[in-house]
Amino acid sequence: TQLLEQSPQFLSIQEGENLTVYCNSSSVFSSLQWYRQEPGEGPVLLVTVVTGGEVKKLKRLTFQFGDARKDSSLHITAAQPGDTGLYLCAGGRLGTYKYIFGTGTRLKVLA
Amino acid sequence: NAGVTQTPKFRILKIGQSMTLQCTQDMNHNYMYWYRQDPGMGLKLIYYSVGAGITDKGEVPNGYNVSRSTTEDFPLRLELAAPSQTSVYFCASSEARTGVLGEQYFGPGTRLTVT
C-alpha cells in the first residue's frame, strides 16, 4: 500500500512554463521532504517542511506543507531544462525512523 | 569525504544465486537504509538500522537480509535471487535528529538484473 500518492505521474512542459506537483496522503506526517533524482544517481534533498501550513522557497521552487500535515505541493516557476528529473516526496512520523516515499513525478522540461 | 559508497555498480545474477551488496558511509551517521527502486517508480524501504547491532524490516524485506556490525557498514544480502528482485538498490544514511527527518544521503545505486 502506497501511503503517499504523487500527481501527476509524468509532466512534459516547455521552458518558461509554471507547474505544480502534489503529494497526498490520508495519514498525518510529522515532517515531509522533497528530493530530486537525476538518471543514474541517488535522490538529493531539496527541502524539509515540519509545520502545518509552512511555505519554503528555494530559488524558483516553492514548497508548501498542508495545514493538516497530510499533503504537500511543489511549485516551479519558469521551469528550465535543468529542472528535469524525478521528484519524490518522503514523509516521516514521530517516533519512527522510517521514511515513506511517494510514487514519484517525472518532469521533463523542453528547451 | 566520500559520503555513501556502494559496490558493485552493476551485477547480473542467475536465478537462485546469492550475493551481497556493500554499503559504507563515512559521515558517522547512526541511521542507514536500504531501498529498491523499480523503473519509473519511487523508493521502497527494504531494511533499516538505527545503530550498530540494530536492524529492522521495512516495507519489502522478503528475500533479503542485513547486518550492521559497525557504524560505517550496512551490507544487504540476497539469498536465492529471483527475477522479482531485478531493480536498482540504493543505500542511504542520515544523522539522528529529534522529532524530524534528517537529510538522507544516498549512494549511487547498484543496478541488479536477475535472469
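The rules behind each value
Residues numbered from 1 in each chain as written. Chains lettered and ligands numbered in written order. Predicted model: local features only at pLDDT ≥ 70, side-chain atom pairs only at ≥ 80, totals over all residues. Heavy atoms only, no water. Helix = DSSP H or I, 4+ residues; strand = E, 2+ residues; numbered from the N terminus. Buried < 20%, exposed > 50% of the residue type's maximum accessible area, 1.4 Å probe, protein only. Contact = heavy atoms within 4.5 Å. Areas by Shrake-Rupley, 256 points an atom, 1.4 Å probe, with all protein chains shown as cover. Lys, Arg positive; Asp, Glu negative; His and termini not counted. Charge placed at Lys NZ, Arg CZ, Asp CG, Glu CD. Pairing = 2+ DSSP bridges. Axes fitted to C-alpha atoms, helices over the stretch in contact; angles between N-to-C directions.

(A) Just the overall build of chain B, in detail. Secondary structure assignment for chain B yields zero helices and eleven strands. The helix and strand sequence of chain B, counted from the amino end, reads β-β-β-β-β-β-β-β-β-β-β. Counting only C-alpha atoms and orienting by the principal axes, one finds that chain B spans roughly 40 × 30 × 25 Å. Every one of the 115 residues in chain B was classed for burial, and the buried ones make up 46%. Within chain B, counting contacts between residues at least 6 apart in sequence, those at least 24 apart form 55% of the total. Surface exposure of chain B reaches about 5400 Å², of which carbon and sulfur atoms provide 50%. Separation of charge centres in chain B, based on 10 positive and 9 negative side chains, amounts to 10 Å.

(B) Structural context of unusual backbone geometry. The step from Ser7(A) to Pro8(A) runs through a cis peptide bond, and the omega angle for that step is -5°. For Pro8(A), the location among the structural elements is in the loop between β1 (5-7) and β2 (10-14). A cis geometry characterises the amide bond from Thr7(B) onward to Pro8(B), with omega recorded as -10°. By secondary structure assignment, the location of Pro8(B) is in the loop between β1 (4-7) and β2 (10-13). Here Lys59(A), not a glycine, exhibits a phi torsion of approximately 55°, which is positive. Relative to the elements of secondary structure, Lys59(A) occurs in the loop between β6 (55-58) and β7 (61-65).

(C) Representation of the sheet that holds strand β8 (residues 71-76) of chain A. All names here are of chain A. Reading across from one edge, β1-β3-β8-β7-β6 is the order of the five strands in this open sheet, with antiparallel pairing throughout. Every interior strand has two partners, whereas the edge strands, β1 and β6, have only one. Here the average twist between neighbouring strands, direction ignored, is 15°. With five bridges connecting them, β7 and β8 associate as antiparallel partners. Bridging from a neighbouring strand, Gln64 pairs with Ser73 of β8.

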